[in-house]
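# Structural description and commentary
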Amino acid sequence: MQRSFQIGAHEIPAGPLEPALYLVATPIGNLADVTLRALDVLAAADVLACEDTRVTRTLLTRYGISNRPVAYHEHNAAQAGPKLVAALKAGKSVALVSDAGTPLVSDPGYRLVALALEAGTKVVPVPGASAPLAALVGSGLPSDSFLFAGFLPARDKARRERLKALSDVPATLLIFESPRRLAATLAAGAEILGTGRPAAVCRELTKAFEEIRRAPLEELAQHYAQTDTVKGEVVLAIGPPTEEPASMEDAEALLIELARTHSPARAASEAAQRTGLPRKALYQRLLEIKGAAT
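Below is a summary of the structure that appears in this document. Values in this document were obtained by computation on a predicted structure and should not be read as measured data.

### Some points on the sheet that holds strand S5 (residues 69–71)
Taken in spatial order, the five strands make up an open sheet running S5-S4-S6-S3-S7, and their pairing is parallel. Whereas interior strands pair on both sides, the edge strands pair on one side only; in this sheet they are S5 and strand S7 (123–126). Taking each pair of neighbouring strands and ignoring which way they run, the sheet shows an average axis angle of 25 degrees. One ladder, built from four bridges, connects strand S4 (residues 47–50) with strand S6 (residues 94–97); its direction is parallel. The residue of S6 that forms the bridge with Ala 49 is Leu 96. Along the sheet, helix H1 (residues 36–44) makes contact with strand S3 (21–24), S4, S6 and S7, crossing S7 at roughly 135 degrees.

This is the structure we're talking about:
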């Protein structure tokens, strides 16, 4: 029977596909972001594996695809993976999708790819939507070099250690974060990476309530500390460190100048934004300078 998919009133034939593991990117929110090639593969694949069959069925229904998905996720990967590889060895085409975005980006798909390659089968990426890349291009931060860091650890100590390890990476950082931990992560980031380091909180990308808030880390931390409820999926983008970080000695002249027209606290905050140095350290240094002058 001829496989097909639908766009509006038009029915479009799909396939056939050569035997391979197809890694198919799906929309991260707006179902209209799916590619024609992705629809063709989803309709024509002999086996369609996904994280959550209910989520994938929503996309399939939207485009009139009758293929029946099977589950492949973190909790059944050890059992489901070998079955999918067996299908590949039998000459079948297998498509893998995640709930949203590109497979293998923060999901267990890489294990299946490793098994498929070990078995000598072909692996074919079918590119499309990706939350980290959408956040990067919408953030306004440098995009010539970037690092996707996935989710930070949930525990505060481990999260801070990870941020310290990332602090000198000469690239824009892209981090997945839980809405519940966003304020704590921003506060830790401001303290460890520098209060003035530019960043962007990218929330609900491609959806009806999409929001991209761009500001220095300290300002973002203050905003979300005062926000009762943050909803939706979040990508945090943090700009790279300056090529030549300012030293405390370099900042002293700026502190003295700002202190002439600002309170010590305000002067320290302003200097932190301009230099990227920690506000607390600048505030303490300004108090020392004032104390030495009296």
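### Here we look at unusual backbone geometry
That bond from Gly 15 to Pro 16 is cis: its omega, 0 degrees, falls within 30 degrees of zero. Position of Pro 16 among the secondary structure elements: in the loop between strand S2 (10–13) and S3. For Glu 204, which is not glycine, the phi dihedral falls at a positive 55 degrees. In the Ramachandran plot, Thr 206 falls in the positive-phi region, its phi being about 70 degrees despite a non-glycine side chain.

### Re the pairing of S6
The side-chain alternation of S6 yields two buried faces, one formed by Val 94 and Leu 96 and the other by Ala 95 and Val 97. Sheet analysis places S3 next to S6, joined by three bridges and oriented parallel. Bridging across to S6, Leu 21 finds its partner in Val 94.

Here is what the cut-offs are and how they apply
- Residues numbered from 1 in each chain as written.
- Predicted model: local features only at pLDDT ≥ 70, side-chain atom pairs only at ≥ 80, totals over all residues.
- Heavy atoms only, no water.
- Pairing = 2+ DSSP bridges.
- Helix = DSSP H or I, 4+ residues; strand = E, 2+ residues; numbered from the N terminus.
- Axes fitted to C-alpha atoms, helices over the stretch in contact; angles between N-to-C directions.
- Contact = heavy atoms within 4.5 Å.
- Buried < 20%, exposed > 50% of the residue type's maximum accessible area, 1.4 Å probe, protein only.

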